[in-house]
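So the chains spell out like this:
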Amino acid sequence: MKNPIFSIVAPVYNELESIAELYPRIRDVMDSTGESWELILVDDGSQDGSTDVIRKLAINDARVRPVIFARNFGHQIAVTAGLDYSRGAAVVVIDSDLQDPPEVILDLIAKWREGYEVVYAKRVEREGESWFKKTTASLFYRIICRITDVQIPLDTGDFRLLDRKVVNIMSKMREGHRFLRGMSAWVGFKQVGVEYKRATRFAGETKYPFKKMLKLALNAVTGFSYFPLQLATYLGFISAGLSVISIPIVVILRLISSPQLTGQATTLITVLFFGGIQLISLGIIGEYIGRIYDEVKGRPIYIVSEGPSEDHDPTRLNLSTKESQEKS
Ligand code: UDP
Ligand code: MG
């Protein structure tokens, strides 16, 4: 089969009700472009029966290509697998809970036709999300923007269109702790934003509890910045400077024999304070070392138990086999 013009990648994790609605919405939008397309549904270890729905959709429409994971690997990894399997000249990443309206894909495509290689969708409004989610998200984007070296656009999610060139480069970046928004900003090329209104979830609950959000934030920070590591240096200089300044002050106070600076409490507080700072610094270093360890192990970043029908090798594990395919 010839490669399609457009690939749509949607990660699915327990989205039983939503995907049944997602497929017709995407089909209608994509058919209206008059171009060939494929929809890659990556099942990220769903346990609610979404897997069977995906299989059925694929049987009824050959343009739907299922990629079924052996277990839950997380949203960013699921999208990565979708990008690896995609064949289109332009690839659109979209959530499967219909928070990203499929109709916006047409706006993304219009910009791509103008010659942009990364077209990201920018949320101007978020409907039906808790203030906690909105505040933490907004804060997160602003902190990331401050401390990282890449210009990651504010208030954008993973809903975006990537040109084949960009997808090919990103599929060579095999870090296990992934922050795709950062990675797609990092590659450069011509990038532009399209504004949209983020809708409420079609059904079900968010699959991004606080723990997963925190993990994503840590991936973003450690993946794109050394700032936390440098923090220990800054704090060290500040506290050393303060103690140097305090030496003459203590001497003078002693000479004019004002009440002496004694007492267990002061000593204890100081020891605890610096003990705390040292432990935090160690923890930060540990965070980076853990990531180095994960990279060194070089494990495949996902395991596919069931690929699209034309993919006869169920053990196909991303790069290693891809490389050998390219070589042969
Ligand atoms: N998702 C996934 N694996 C996960 C968590 C989420 O594939 O471990 C998918 C989920 O099915 C959805 C998308 O990622 O299509 C975004 O997740 P969600 O809507 O829960 O995040 P939110 O919109 O609340 O930030
Ligand atoms: Mg969502």
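Residues numbered from 1 in each chain as written. Chains lettered and ligands numbered in written order. Predicted model: local features only at pLDDT ≥ 70, side-chain atom pairs only at ≥ 80, totals over all residues. Heavy atoms only, no water.

Caption draft 1: A look at helix α2 (residues 50–60). Residues S50, T51, I54, L57 and A58 constitute the buried set of α2. Taken around the axis of α2, the buried residues stretch over an arc of 125°, which confines them to a single face. Looking at α2, the residues exposed on the side facing more than 90 degrees away from the buried face are K56, I59 and N60. On its buried face, α2 is in contact with β1 (6–12), α1 (16–31), β2 (37–43) and β3 (64–69). (Buried < 20%, exposed > 50% of the residue type's maximum accessible area, 1.4 Å probe, protein only. Helix = DSSP H or I, 4+ residues; strand = E, 2+ residues; numbered from the N terminus. Arc of directions from axis to C-beta. Contact = heavy atoms within 4.5 Å.)

Caption draft 2: Local environment of the coordination of the magnesium ion (ligand 2). Taken together, D97 (OD) and Q99 (OE1) make up the protein donors of the magnesium ion (ligand 2), found 1.9 Å from the metal. When sorted by exposure, D97 lands in the same class as Q99, which is buried. (Donors = N, O, S within 2.8 Å, 3.2 Å for Na, K, Ca; no water.)

Caption draft 3: Representation of the site of ligand 1 in the model. Around ligand 1, a shell composed of 19 residues is seen, among which D97, Q99, R198, T206 and K207 lie nearest. N72 is positioned such that a nitrogen or oxygen atom in its side chain is 3.2 Å from an oxygen atom of ligand 1. K207 places a polar main-chain atom, nitrogen or oxygen, 2.4 Å from an oxygen atom of ligand 1. Surface burial for ligand 1 is 96%, taken as the share of its 530 Å² of free accessible area covered by protein chains. A class-by-class count of the residues in the shell around ligand 1 yields four nonpolar, six polar and nine charged. (Near = heavy atom within 4 Å. Polar contact = N/O pair within 3.5 Å; in protein donor to acceptor, adjacent residues only side chain to side chain. Areas by Shrake-Rupley, 256 points an atom, 1.4 Å probe, with all protein chains shown as cover. Nonpolar A, V, L, I, M, F, W, Y, C, P; charged D, E, K, R; others polar.)

Caption draft 4: Expanded view of the packing of aromatic side chains. Applying the stated criterion across every chain yields a total of 11 aromatic pairs. On the numbers, 5.5 Å between centres and 65° between planes, the contact of F6 with W112 is edge-to-face. Placement of the pair is F6 in strand β1 and W112 in helix α4 (residues 105–113), with a sequence separation of 106 residues. This pair shows no difference in class: F6 is buried, exactly as W112 is. With centroids separated by 5.3 Å and ring planes inclined at 55°, the aromatic side chains of F140 and Y141 adopt a geometry described as tilted. Residue F140 is classed as buried on the basis of its relative accessible area, which comes to 17%. Classification of Y141 as buried rests on a relative accessible area of 8%. (Phe/Tyr/Trp six-rings, centres within 6.5 Å; stacked < 30°, edge-to-face > 60°.)

Interpretation note: all reported values are geometric properties and have no functional meaning in isolation.
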